[in-house]
Amino acid sequence: MKGLSRALAGIIIFLICWYILSLFINRVIVPSPAETLGLLGQHLVNPRMLEAALQTAWKVGLALVLVLLLGLILGLLLGLSETFYDMFRPIVMFIQAVPVVSWLSLVIFAWGVGWRGPIFITFVSLLPTAVLTTVSGIRSLDKDLLEMARVYRVPFKKVFHYIYLGSLLPFIAAIIDVTIGQAWKVVLVSEYLAGGSGLGVEIFNARMVVDSAGAWSVTLMACLLGIATERLVKYCLRGMSSRWGQA
Amino acid sequence: MGASIELVGVHKDFGQLKVLENWDLVINPAERIAVLGLSGSGKTTFLRLLAGIEAPTQGRLTVVSQKTGFVFQEPRLIPWRTIRQNLLFVNEQANIDELLKTLHLEGFADYLPAQLSGGMKQRVNLARALAVSPDLLLMDEAFASLDLKVKVDIMNDVMQLWQQRRFTMVTVTHDLKEALYLSDRIILISNRPARIIHQFVVNLKEPRQFSSPELLALEGELLRIVCRD
């Protein structure tokens with residue numbers, strides 16, 4: 001209760017600061033909170049905007065699933081094998097260093113404007129984080145537990161289930177924590193620059209008609225969706241984590 | 001039937017570091033052996049050789065054993081798994097409830113390791129070793145970190161279980177009384193590189209008492225040998 005009231009107080013302070021800024025700065029740059037929030041209210045009941053939100057959401061979802069799946073598999077391979085690590089680490093580092101705009105040109109050449117670009121760009125942008133976090137998880141495994149399993153000649157499948165996955169769970173949570181917010185941002189940028197539909201396209205459209213309140217209201221909508229997704233995934237993860245202990 | 005062990009001219013080095021030097025030793029089935037030496041002398045390396053975690057650098061080591069149980073110095077329990085799951089990890093067929101009852105842990109099967117005291121965790125460590133129905137039980141300073149009362153209680157449990165199951169038991173310790181209480185024969189080793197310097201036969205009538213006058217007398221005798229060697 002105390003936490004909730006503090007959070008509400010923080011939001012009110014933010015709105016007051018925003019309001020004060022909007023009084024002194026051109027409305028094209030800082031629209032008033034009333035105008036922006038009013039537009040957000042309209043978006044939430046506007047079928048076109050809801051469709052755009054859904055378009056963005058499924059891209060974020062698919063990109064995250066791909067990042068988690070491949071990130072975990074590659075991270076496990078690199079974490080378990082020094083040879084794989086030495087071979088593929090430079091590639092992972094390279095992918096991590098490539099700017100989003102470079103991927104953007106690639107996807108526009110390959111697929112033009114459409115849904116594939118945002119998913120691919122989000123995937124390649126976040127994959128290195130997932131891979132390297134998984135490798136850290138594998139490397140931080142308690143060696144004493146592995147030695148215990150070796151003494152008792154426990155089959156690798158069981159060791160993997162009981163020890164590896166259990167140790168990795170906090171790292172998987174960290175990957176989701178880091179990537180989920182990033183995924184929304186990257187999908188929005190990719191949609192803005194090369195997307196056929198989605199909230200990123202709506203921000204682009206608002207910009208084209210110099211509707212800054214429109215752009216910020218769509219941004220707020222994306223933020224709300226991002227926070228809601230993060231909360232939902234963390235809730236599911238907590239459930240998974242408690243079941244893991246009893247499996 | 002307990003396991004049998006034979007070491008002939010066994011050496012163990014880690015690079016330039018010589019840890020064990022020229023060990024010749026025979027351990028008979030159902031025999032209880034204690035290896036007594038200072039900390040860092042190579043006692044744990046000896047147990048690791050017997051458990052198959054390490055291989056001798058030189059010499060021949062023969063361990064005839066179907067199942068080995070290892071009581072580690074620290075419990076090494078999987079923190080996110082319950083006590084029952086920790087025991088099932090090493091043997092799916094183990095009768096967990098009976099094991100826990102034997103080691104006075106009934107009612108704790110669904111607890112997580114963090115919810116147990118140090119002594120209870122060490123009992124689980126022992127229960128895990130027994131869950132595989134071992135014919136060879138290796139104990140690495142298993143009671144070193146426990147309070148005297150808890151230590152004596154767990155050692156009593158070990159001795160009762162040995163009476164029932166007659167496994168071969170190898171304990172490494174630096175505690176003279178513990179070595180006397182838990183073994184038929186004590187192997188005294190030198191500082192690194194560890195060599196066997198003396199073998200001491202423990203003649204105590206069963207069941208043993210941890211503070212019996214006979215055991216205390218043997219402790220004095222053993223202490224004289226340790227100081228002399």
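Residues numbered from 1 in each chain as written. Chains lettered and ligands numbered in written order. Predicted model: local features only at pLDDT ≥ 70, side-chain atom pairs only at ≥ 80, totals over all residues.

(A) Structural detail: the overall build of chain B. Within chain B one finds seven helices and nine strands. Against the globule reference of 17 Å for 229 residues, chain B gives a C-alpha radius of gyration of 17 Å, in line with a compact fold. In terms of overall dimensions, chain B has a C-alpha envelope of 50 × 45 × 30 Å along the principal axes. Restricting the contact set of chain B to residue pairs at least 6 apart, pairs at least 24 apart contribute 72%. (Helix = DSSP H or I, 4+ residues; strand = E, 2+ residues; numbered from the N terminus. Rg over C-alpha atoms; globule rule 2.2 N^0.38 Å. Contact = placed C-beta atoms within 7 Å.)

(B) Local environment of the nonpolar core. Grouped together as the largest cluster of nonpolar side chains are 68 residues, with contacts concentrated most on V35, L50, L126, A127, L138 and V170 of chain B. Counting residues per element, this core draws most heavily on helix α4 (residues 118–131) of chain B, at seven residues. One finds A52, A63, A130 and V218 of chain A within the second-largest nonpolar core, a separate group that totals 49 residues. (Core = buried A, V, L, I, M, F, W, Y, C linked by C-beta atoms within 7 Å. Buried ≥ 20, exposed ≤ 12 C-beta atoms within 10 Å, placed from the backbone.)

(C) Structural context of the pairing of strand β7 (residues 168–173) of chain B. All names here are of chain B. The buried count for β7 comes to six of six residues, which makes it a mostly enclosed element. Burial of β7 is two-sided: the residues T168, V170 and V172 facing one way and the residues M169, T171 and T173 facing the other way are all buried. Bridging between strand β3 (residues 32–36) and β7 involves five bridges; their strand directions are parallel. Across the sheet, V35 pairs through a bridge with V172, a residue of β7. Bridge count for strand β6 (residues 136–140) against β7 is five bridges, and the pairing is parallel. Bridging across to β7, L137 finds its partner in M169. Note that the unit made of β6, helix α5 (residues 148–165) and β7 has a crossover that is right-handed. (Pairing = 2+ DSSP bridges. Right-handed = clockwise from strand over helix to strand, strands pointing away.)

(D) Seen up close, the interface of chain A and chain B. The partner chain B presents twelve residues to the 14 residues of chain A that form the contact. The set of elements that each furnish at least two residues to the side of chain A that touches chain B consists of α7 (143–151), α8 (156–194) and α10 (212–246) of chain A. No other element matches α7 of chain A, which puts six residues into the side of chain A that touches chain B. Per-class residue counts for the side of chain A that touches chain B are eight nonpolar, two polar and four charged. (Nonpolar A, V, L, I, M, F, W, Y, C, P; charged D, E, K, R; others polar.)

(E) Expanded view of the packing of helix α6 (residues 116–139) of chain A against α8 of chain A. All names here are of chain A. Packing of α6 against α8 brings their axes to within 8 Å, and their N-to-C directions diverge by 160°. Relative to α8, α6 is oriented roughly antiparallel. Both α6 and α8 take part in a crossing whose hand is right-handed. A breakdown of the residues in the contact of α6 with α8 according to their chemical character gives 13 nonpolar, twelve polar and one charged. (Axes fitted to C-alpha atoms, helices over the stretch in contact; angles between N-to-C directions. Parallel < 35°, antiparallel > 145°, perpendicular 65-115°, else oblique. Left-handed = near helix turned anticlockwise from the far one by under 90°.)

(F) Looking closely at the domain arrangement of chain A. If you check the domain split of chain A, you get domain 1 (1–30) and domain 2 (33–246). A straight line from the C-alpha centre of domain 1 of chain A to that of domain 2 of chain A covers 29 Å. (Domains from an automatic or database assignment.)

(G) Quick look at unusual backbone geometry. Residue and element names in this part refer to chain B. Here the amide bond leading from R192 into P193 is cis, since omega sits at -5°, within 30 degrees of zero. Here P193 is to be found in the loop between β8 (185–189) and β9 (196–201). Across the junction of E206 and P207, the peptide omega takes the value -10°, indicating a cis bond. Within the secondary structure, P207 sits in the loop between β9 and α7 (213–228). Phi angles above zero are rare outside glycine, and S133 is one such case at about 50°. Following the sequence through the fold, S133 ends up in the loop between α4 and β6.

(H) Quick look at the sheet that holds β6 of chain B. All names here are of chain B. The sheet built from six strands is open, its strands ordered β5-β6-β7-β3-β8-β9 with mixed pairing. Of all strands in the sheet, those bounded by a partner on one side alone are β5 (68–71) and β9. Mean inter-strand twist for the sheet, computed between neighbouring axes without regard to direction, equals 15°. Note that β3 and β8 share four bridges and pair parallel. Along β8, the bridge assignment pairs V35 with I187.

(I) Inspection of the environment of I186 of chain B at higher detail. Residue and element names in this part refer to chain B. By the secondary structure assignment, I186 is in strand β8. With 49 residues separating them in the primary sequence, I186 and L137 have C-alpha atoms 16 Å apart. Not counting chain neighbours up to four residues away, the residues in contact with I186 comprise A34, L36, A179, F200, V202 and L222.

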